[in-house]
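# Residue-level structural notes
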Amino acid sequence: MLLDVLQGAEAGGFTLIQDTVKCTGRGILKCFINAALKRGEDVHVLGFEASETDVCAGLDRSCMQKLHFHKGFPDPLGWMCRSSFTVDQFTSQHITKLIKDTQHAKASVLVVDSLSLVLRHHDPVVICQRLQELRKGGDIKTIIGLLHTDLHLLGVVGIVSHLASTIISVAPAINEHHAVATTTRRTKSGKVMQEEGYFNVSEDATLSVHAKARQPGHVQKEPDVAEADPASNLTFNLRLSEEERKAKEKVALPFVFSQEKKSALLRPTPGSGRIMYEPDANDDFDEEDPDDDLDV
């Protein structure tokens, strides 16, 4: 599934790459950029965390004219006036204008490197609204964002993930030459598919999937183990024969009432429901008004 997502970016989709300090997702991000360039698509990179040199390293040089890098590194907040794009400019209007000024006829691919820096300086709900506006605008074919999940609260990660149509979560593997990617994809019909596999990224930004730990919809079976029978190897018999079972079913249980017994118990009798009270000689009873002391 990971290679399918890489090779065919869904129109109007939002692919979210989630990583942590233990395993970076920047390699997969570069693979997405390289694949889009090879398809002849214009790619706009909002680079807040890595320089243009680092982003372009290993990419296909014959397609570099399709790559538009908007410099946010190393001055993402614009304090030193050294960036062509700042965090404050992360609005649907500004990004749309930026793409229209440089794109050709086809819709472009927008890469946000990274969303974590944007979320640290904006309300997450507002950022999700702007991402949704960009998806619906028509000038952007797909959005690819990198998110460092260990820098945010679970609620923030949750609302951004809910917006994504594809989530790729990377984690380290026992083999240091590989990493594990869990790909979760939600189709337009609402069906959710998930697959986990081992991968590595080569120096030329090519993604290789070496093994798949799990297939979609496949339930891994445990090895055949003889089931323990608690009734075996006993000195007495716990099982019933067919005749014994039928005889047991005919036995009336003591706590189960028959219909006749229910009717007898529920049938009203003379004097039922009446309370008889005989006053005692020591009772203080006033026949005129026993509650006159309660009048206010």
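Structural notes, computed from the coordinates. (Residues numbered from 1 in each chain as written. Predicted model: local features only at pLDDT ≥ 70, side-chain atom pairs only at ≥ 80, totals over all residues. Heavy atoms only, no water.)

### Description of the layout of surface pockets
Of the voids in this model, the largest pocket is the one considered here, and its volume is about 160 Å³. What lines the largest pocket is a set of 11 residues, and nearest its centre among them are T24, A179, F199, N200 and V201. Elements with a contribution of two residues or more to the lining of the largest pocket: α2 (26–38) and β8 (192–201). (1 Å grid on protein atoms, 1.4 Å probe; cavity = no way out; pocket = protein on both sides within 12 Å on 5 of 7 lines; lining within 4 Å. Points joined across faces, edges and corners; volume = space filled by probe spheres on them. Helix = DSSP H or I, 4+ residues; strand = E, 2+ residues; numbered from the N terminus.)

### Here's the deal with the packing of aromatic side chains
Scanning the model with the defined rule gives 1 aromatic pair in all. Consider the rings of F48 and F85, whose centres lie 5.9 Å apart with planes at 40 degrees: the pair is tilted. Here F48, found in the loop between β2 (43–47) and α3 (52–56), pairs with F85, found in the loop between β3 (67–71) and α4 (92–100); they are 37 residues apart in sequence, far enough to count as distant. Judged on exposure class, the residue F48 and its partner F85 are both buried. (Phe/Tyr/Trp six-rings, centres within 6.5 Å; stacked < 30°, edge-to-face > 60°. Buried < 20%, exposed > 50% of the residue type's maximum accessible area, 1.4 Å probe, protein only.)

### What about the side chain of S116?
With respect to the secondary-structure elements, S116 resides in helix α5 (residues 115–119). Polar side-chain contacts of S116 include one of 2.8 Å to the backbone nitrogen of H148. Leaving out residues up to four positions away in the same chain, S116 has contacts with E49, L146, L147, H148, L151 and H152. (Polar contact = N/O pair within 3.5 Å; in protein donor to acceptor, adjacent residues only side chain to side chain. Contact = heavy atoms within 4.5 Å.)

### Here we look at the nonpolar core
Counting residues in hydrophobic clusters, the biggest one holds 35 residues, and the most contacted among them are I28, F32, I33, V43, L59, L67 and V111. With 8 residues, the single largest contributor to this core is α2. In this structure, L67 is in contact with I33, L37, V43, V45, C56 and L59, ignoring residues within four places of it in sequence. Grouped together as the second largest cluster of nonpolar side chains are 29 residues, V112, L117, L147 and V157 included. (Core = buried A, V, L, I, M, F, W, Y, C linked by side-chain atoms within 4.5 Å.)

### Focus on the packing of α4 against helix α6 (residues 124–137)
Direction vectors running N to C along α4 and α6 enclose 35 degrees, while the axes themselves pass 9 Å from each other. Remark: the crossing between α4 and α6 carries right-handed chirality. Counting all contacts with α4, which are made through S92, I95 and T96, the residues of α6 involved are R130, E133 and L134. (Axes fitted to C-alpha atoms, helices over the stretch in contact; angles between N-to-C directions. Left-handed = near helix turned anticlockwise from the far one by under 90°.)

### Points about α4
In an α-helix, one full turn covers 3.6 residues, which means residues spaced three or four apart are oriented alike. Listed in full, the buried residues belonging to α4 are S92, I95, L98 and I99. Take α4 and look down its axis: the buried residues cluster within an arc of 130 degrees, on one side only. Structural note: α4 exposes Q93 and K97 on the side pointing more than 90 degrees away from its buried face. The inward-facing, buried residues of α4 contact β2, β3, β4 (108–113), α6 and β5 (140–148). (Arc of directions from axis to C-beta.)

In short, the description is geometric, and any link to function would need to be established separately.
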